[in-house]
Amino acid sequence: MRRLPRSFKRALWVYHVATGSCNGCDIEIVAALTPRYDAERFGIMLTGTPRHADVLLVTGPVTRPMRERLIRIYDQTPDPKAVVVVGGCGSTGGVFYDSYNVRGPVDAVVPVAVYVPGCPCRPEAILDGVVKAAVELEKLERSEVSA
Amino acid sequence: MTGGIGAAIWQGATVLIGGALLGLVYKGIDRKLAARMQARIGPPLRQPFFDVVKLLAKENVVPDHAIAWLFNGAPVVSLAAVSSLLFYLPLGGFAPLLGGHGDLVLVIYLLAVPAIAMMVGGFAAASPYASVGAQREMVMLMSYEFPLVIALVSIAWRLSTILPEASVFSLSVLAANPLWDWVGPLGAVGLVLLALALLVVTPAELSKIPFDIPEAETEIAGGLLAEYSGRNLALFYLADAVKTVAMAALLVALFFPYGLADRLWLSGPLAGLVDVAFFLIKVLVVVFFSVIVVRVGFARLKIDQAARLFWIPVTGISLVGMVLLILDRVA
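Small disclaimer: the values here were computed from a predicted structure and weren't measured.

Calculation rules
Residues numbered from 1 in each chain as written. Chains lettered and ligands numbered in written order. Predicted model: local features only at pLDDT ≥ 70, side-chain atom pairs only at ≥ 80, totals over all residues. Heavy atoms only, no water. Helix = DSSP H or I, 4+ residues; strand = E, 2+ residues; numbered from the N terminus. Buried < 20%, exposed > 50% of the residue type's maximum accessible area, 1.4 Å probe, protein only. Contact = heavy atoms within 4.5 Å. Areas by Shrake-Rupley, 256 points an atom, 1.4 Å probe, with all protein chains shown as cover. Lys, Arg positive; Asp, Glu negative; His and termini not counted. Charge placed at Lys NZ, Arg CZ, Asp CG, Glu CD. Pairing = 2+ DSSP bridges. Axes fitted to C-alpha atoms, helices over the stretch in contact; angles between N-to-C directions. Phe/Tyr/Trp six-rings, centres within 6.5 Å; stacked < 30°, edge-to-face > 60°. Lys NZ or Arg CZ within 6 Å of the ring centre and 35° of its normal. Expected span 1.5 Å × (residues − 1). Parallel < 35°, antiparallel > 145°, perpendicular 65-115°, else oblique. Salt bridge = Lys/Arg side-chain N within 4 Å of Asp/Glu carboxyl O.

S.K.: Mind laying out the overall build of chain B, listing which residues take part and the relevant values?
M.R.: Helices and strands together make up the secondary structure of chain B, namely 11 helices and zero strands. The order of helices and strands in chain B, counted from the N terminus, is α-α-α-α-α-α-α-α-α-α-α. For chain B, the spread of C-alpha atoms along the principal axes amounts to about 60 × 50 × 40 Å. Going through the 331 residues of chain B one by one, you find that 52% of them count as buried. Of the contacts formed within chain B by residues at least 6 apart in sequence, a portion of 77% connects residues at least 24 apart. Accessible surface, chain B as shown: approximately 14100 Å² in total, 72% of it carbon and sulfur. Each charge sign in chain B was given a centre, from 20 positive and 20 negative side chains, and these centres are 7 Å apart.

Written as structure tokens, this is what we have:
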């Protein structure tokens with residue numbers, strides 16, 4: 001793999017995947033994009049399609065039907081990419097832990113770079129998570145280069 | 001063109017690279033100003049450069065069901081068409097590089113090529129979102145081309161009645177003889193109306209809000225561009241940036257071709273520098289009023305609303321402008 005250009009972490013485009021969340025974290029993601037928090041300062045933009053995305057923001061505990069879709073969206077995202085789990089449900093299963101119709105948490109389905117806990121998490125925490133995802137991408141690259 | 005082939009190649013390369021850089025800078029200014037208008041801090045001016053470099057580092061996905069050669073060809077054709085536009089437009093005090101080989105009619109066609117390339121790419125992507133986007137782009141193209149062509153042809157016709165000997169479709173002739181100097185009050189009102197119509201056509205030509213219907217991120221997931229990623233998306237991104245400059249340069253050449261250097265009694269390299277700087281400011285003013293303010297102030301229209309807007313009010317305005325120019329000739 002080639003070295004990531006320095007611009008990479010200054011231009012992270014995110015795609016929002018809701019895998020059965022209660023909409024709480026999703027509202028916080030939208031809040032992070034409002035003028036008050038202004039995610040575009042860091043070059044973070046919400047895209048409408050996983051093909052344009054660098055970071056997948058996954059909310060929710062991954063319900064049974066969403067498992068396949070999450071894997072598919074992950075595969076549709078061009079490399080290099082990182083997954084940021086937003087909220088307690090996606091991180092651990094949350095209140096849906098061990099539920100009969102949940103196939104999560106997210107890291108049981110796709111590789112996860114950053115966990116942003118909270119129920120729901122603050123917009124600041126989401127922005128911080130996305131920026132940390134860039135660091136994770138760099139680590140990934142370094143380990144692949146040395147290997 | 002002075003000098004040999006070497007000089008021509010140098011000039012061409014300067015225009016191409018300069019055009020791409022300028023386009024990205026204007027995109028950065030656009031995003032910064034839009035952010036300030038929304039009481040945000042906004043991305044740094046260099047953000048579009050970051051975006052392009054990042055996109056070039058990404059994987060270039062071609063969907064399984066896509067027609068690969070069309071899918072990959074469309075972005076290249078799009079960027080090539082908008083870049084060649086720069087050769088036919090007067091930039092600053094300089095005459096167009098290939099001014100002798102193409103005129104206003106060619107510019108109209110070259111402006112339509114990127115839209116058609118995106119349409120072909122959208123259909124070739126074999127994605128429902130991209131297909132919907134391509135159909136919308138087709139409707140948009142049919143809507144805004146009519147007032148655009150009326151405005152451009154009326155101006156050229158009026159000039160032909162004043163300068164029967166000149167080749168009035170040539171952009172260097174149009175830029176050297178601004179109509180404002182010749183027409184009476186009726187014609188001036190007509191020209192203002194035509195400029196207004198073109199200012200409304202500009203955001204549609206560039207697929208900017210409120211006319212970003214073919215790419216509507218929030219409803220059809222990026223539409224035409226839904227399946228594009230990596231290098232192909234970077235090419236479309238660049239084409240969009242360069243097209244903004246080209247469209248603004250066309251409006252400047254038609255309506256505000258005045259230079260500053262003559263008025264300041266300057267000559268030599270300083271005059272060229274002043275004229276280029278003044279040209280860049282004029283382009284920024286056009287981009288500001290027809291793209292940035294409009295995109296912050298309005299929400300996206302529906303495709304039928306956009307089609308109606310262009311077919312009835314905007315075409316009406318440009319037809320009135322044309323009639324006023326004709327009356328000005330008769331009077």
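S.K.: Tell me about the side chain of Thr19(A), and please be specific about residues and values.
M.R.: Structurally, Thr19(A) is set in the loop between strand E1 (13–18) and helix H1 (24–33). Excluding anything up to four places from it in sequence, Thr19(A) contacts Val58(A), Thr59(A), Gly60(A), Pro61(A), Val62(A), Thr63(A), Met66(A) and Leu70(A).

S.K.: Mind laying out the sheet that holds strand E5 (residues 114–116) of chain A, listing which residues take part and the relevant values?
M.R.: All names here are of chain A. An order of E2-E1-E3-E4-E5 is seen for the five strands of this open sheet, with the pairing classed as parallel. Where the open sheet ends on each side, the last strands, each with one partner, are strand E2 (45–46) and E5. For strand E4 (residues 82–86) and E5, the ladder comprises three bridges, and the chain directions are parallel. Across the sheet, the residue bridging to Val 85 is Tyr 115, located in E5. Strands in contact with helix H2 (residues 64–76) are E1, strand E3 (55–59) and E4; relative to E1, the strand with the most contacts, it is inclined by about 165°.

S.K.: An account of the pairing of E4(A) is needed here, citing residue identities and associated values.
M.R.: All names here are of chain A. In terms of residue burial, E4 counts as a mostly covered element, since five of its five residues are buried. The alternating pattern of E4 places Ala 82, Val 84 and Val 86 on one face and Val 83 and Val 85 on the opposite face, and all of these are buried. As defined by bridge partners, E3 adjoins E4 across five bridges and the pair is classed as parallel. For Val 55, the partnering residue across the bridge sits in E4 and is Ala 82.

S.K.: Now, about the packing of aromatic side chains: what can you tell me, with residues and values included?
M.R.: The final tally for this structure, using the stated rule, is eight aromatic pairs over all chains. Summarising the aromatic geometry, the rings of Tyr144(B) and Phe310(B) are spaced 6.4 Å apart at their centres and angled 70° between planes, so their arrangement reads as edge-to-face. Taken as a pair, Tyr144(B) in helix H5 (residues 128–162) and Phe310(B) in helix H11 (residues 303–330) lie far apart in primary sequence, 166 residues in all. One exposure class covers both Tyr144(B) and Phe310(B), and it is buried. With a centroid separation of 5.4 Å and 35° between ring planes, the pair formed by Phe146(B) and Trp311(B) is classed as tilted. Note that Phe146(B) is positioned in helix H5 and Trp311(B) in helix H11, a separation of 165 residues in sequence. Under the relative-accessibility criterion, Phe146(B) is labelled partly exposed at 38%. The class for Trp311(B) is partly exposed, based on a relative accessible area of 44%. Here the aromatic residues Phe71(B), Tyr228(B) and Phe236(B) are joined through ring pairs into a cluster of three or more. Over the ring of Tyr74(A) we find Lys81(A), and its NZ or CZ is 4.1 Å from the ring centre. One residue, Lys27(B), lies across the ring of Tyr237(B), its end atom 4.6 Å from the ring centre.

S.K.: Any chance you could break down helix H1 (residues 5–37) of chain B for me, citing the residues and the numbers?
M.R.: Taking 1.5 Å per residue, 33 residues should reach 48 Å; H1(B) reaches 47 Å between its end C-alpha atoms and fits that length. Trailing H1(B) by a residue or two, Ala39(B) shows a phi angle of about 60°, which is positive.

S.K.: Explain the packing of helix H2 (residues 47–57) of chain B against helix H9 (residues 230–255) of chain B residue by residue, including any values.
M.R.: Residue and element names in this part refer to chain B. Contact pair H2 / H9: the axes reach a minimum separation of 7 Å and the direction vectors enclose 150°. By the angle between their directions, the pair H2 and H9 is classed as roughly antiparallel. Between H2 and H9, the contacting residues are Pro 48, Asp 51, Val 52, Leu 55 and Leu 56 on the first element and Gly 230, Arg 231, Leu 233, Ala 234 and Tyr 237 on the second.

S.K.: A description of the pairing of E1(A) should follow, citing residues and the corresponding values.
M.R.: Residues and elements named next belong to chain A. As judged from the two bridges shared by E1 and E2, these two strands associate in the parallel manner. Across the sheet, residue Val 14 finds its bridge partner in E2, namely Leu 46. Taken together, the five bridges between E1 and E3 define a ladder with parallel strand orientation. Following the sheet pairing, Ala 18 is matched in E3 by Thr 59.

S.K.: Give me the pattern of salt bridges: which residues, what numbers.
M.R.: Inspection of every chain in the model, using the stated rule, returns 17 salt bridges over all chains. As a salt-bridge pair, Lys58(B) and Asp54(A) come within 2.9 Å of each other at their nearest N and O atoms. Of this pair, Lys58(B) sits in the loop between H2 and helix H3 (68–88) while Asp54(A) sits in the loop between E2 and E3, placing the two residues on different chains. Pair check on accessibility: Lys58(B) and Asp54(A) agree, each one buried.

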